[in-house]
Amino acid sequence: QIVLTDLDDEPDLRITDDKVENILDAEYRNKISGDALYFLSLDWNQGFDYAKDHMHPKITFSGDIINVTPEEKEKWLKLYNKLPNLQYLPKSTNERKNGRPLKDWLETEDEKEKIFKQAYIPTGISLDIQNFGKFYEARKEILKEKLKELLGGK
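Cut-offs applied
Residues numbered from 1 in each chain as written. Predicted model: local features only at pLDDT ≥ 70, side-chain atom pairs only at ≥ 80, totals over all residues. Heavy atoms only, no water. Helix = DSSP H or I, 4+ residues; strand = E, 2+ residues; numbered from the N terminus. Buried < 20%, exposed > 50% of the residue type's maximum accessible area, 1.4 Å probe, protein only. Contact = heavy atoms within 4.5 Å. Patch = residues over 30% accessible without salt bridge, like charges linked within 9 Å, V, L, I, M, F, W, Y side chains within 5 Å. Areas by Shrake-Rupley, 256 points an atom, 1.4 Å probe, with all protein chains shown as cover. Salt bridge = Lys/Arg side-chain N within 4 Å of Asp/Glu carboxyl O. Axes fitted to C-alpha atoms, helices over the stretch in contact; angles between N-to-C directions. Parallel < 35°, antiparallel > 145°, perpendicular 65-115°, else oblique. Left-handed = near helix turned anticlockwise from the far one by under 90°. Phe/Tyr/Trp six-rings, centres within 6.5 Å; stacked < 30°, edge-to-face > 60°. Core = buried A, V, L, I, M, F, W, Y, C linked by side-chain atoms within 4.5 Å. Pairing = 2+ DSSP bridges.

Draft legend 1. Quick look at the overall build of the protein. A tally of helices and strands in the protein yields eight helices and two strands. Beginning at the N terminus, the succession of helices and strands in the protein can be written as α-α-α-β-α-β-α-α-α-α. Going through the 154 residues of the protein one by one, you find that 42% of them count as buried. A fraction of 69% describes how many contacts in the protein between residues 6 or more apart in sequence connect residues 24 or more apart.

Draft legend 2. Layout of a nonpolar patch on the surface. Side chains of Y38, F39, L42, L150 and L151 sit close together on the surface and give an oily, nonpolar patch of about 450 Å² of accessible area. Among the elements of the structure, α3 (31–40) and α8 (132–151) are those that each provide at least two residues to the nonpolar patch. Position of L151 among the secondary structure elements: in helix α8.

Draft legend 3. Layout of the side chain of T93. Structurally, T93 can be placed in helix α5 (residues 91–97). Contact partners of T93, with chain neighbours within four places excluded, come to W105 and E109.

Draft legend 4. Summary view of the packing of helix α2 (residues 17–24) against α8. Their axes nearest at 10 Å, the elements α2 and α8 cross at an angle of 125 degrees. Between α2 and α8, the crossing angle belongs to the class labelled oblique. Crossing hand, α2 versus α8: right-handed. For the pair α2 and α8, contact is made by D17, V20, E21, I23 and L24 and by Y136, K140, L143, K144, L147, K148 and L151, respectively.

Draft legend 5. Examining the packing of aromatic side chains more closely. Scanning the entire structure with this criterion turns up six aromatic pairs. Ring centres of F132 and F135 lie 6.5 Å apart, and the angle between their planes is 35 degrees; on these two criteria the pair is classed as tilted. Highlighted residues: F132 and F135, both in helix α8, separated by three residues, approximately one helical turn. For F132, a relative accessible area of 0% gives the class buried. With centroids separated by 5.7 Å and ring planes inclined at 45 degrees, the aromatic side chains of F132 and Y136 adopt a geometry described as tilted. Pair noted here: F132 and Y136 are both in helix α8, with a separation of four residues, about one helical turn.

Draft legend 6. Spatial organisation of the nonpolar core. Counting residues in each nonpolar core, the largest one holds 19 residues, and the members touching the most others are F61, L102, L106, I121, L127, F132 and F135. Only α4 (70–79), α6 (102–108), α7 (112–118) and α8 provide two or more residues apiece to this core. Residue contacts for L127: discarding those within four places in its chain leaves H56, L102, K103, L106, F116, I121 and F135.

Draft legend 7. Fine view of the pairing of strand β2 (residues 86–90). Burial runs high along β2: four of the five residues are buried. The pairing of strand β1 (residues 50–54) with β2 spans five bridges and is classified as antiparallel. Bridge assignment links D53 to a residue of β2, and that residue is Q87.

Draft legend 8. Inspection of unusual backbone geometry at higher detail. The backbone of N98 sits at a positive phi, close to 45 degrees, despite the residue not being glycine. Turning to its location among the elements, N98 is positioned in the loop between α5 and α6. Given the relative accessible area of 62%, N98 is considered exposed.

Draft legend 9. Spatial organisation of the pattern of salt bridges. Applying the stated rule across the entire model yields eleven salt bridges. With its nearest N and O atoms 2.7 Å apart, the salt bridge here joins K31 to D35. A residue pair is termed a helical-turn pair when its members lie 3 or 4 positions apart in one helix, as K31 and D35 do in helix α3 at four residues. For D35, a relative accessible area of 33% puts it in the partly exposed group. Its salt-bridge partner being K114, residue E111 comes within 3.8 Å of it at the nearest N-O pair. Overall, K114 belongs to the partly exposed group, its relative accessible area being 43%. Overlapping salt bridges, with partners in common, bring together E21, K140, E141 and K144 in one network.

Scope: geometric values only; no functional claims are made or implied.
Okay, structure coming up:
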């Protein structure tokens, strides 16, 4: 019989901060990001047809939409495709979102509070693309704690 506490002594099976960081660094096309989103959505996923979605879509990083230094923009472009900027949405909702900026889309959604909770969107932080760095870091911390909880990490 396997006892979960016995697995803490197995280095390959131990949940560490580094392993959680690796999950958080998983990109859109990586199976790990999809698996993580699935487990993060178990509380509300009703088995409907879901799609992986960028919270802040790539189009919002193009042209002159972002008013930050070129270095900051380059850094954000490296982060936009990682788990802290990804969510699961029902396909019909994803089609309604259709690449719109996160802030604009949420302002039109009737179930905004539900989406905030389900997607672990940080509160008290502007969802405007100009604030992407703070949004990303805040959501990353929320996801990190939730993943540790789900995986039984300490």
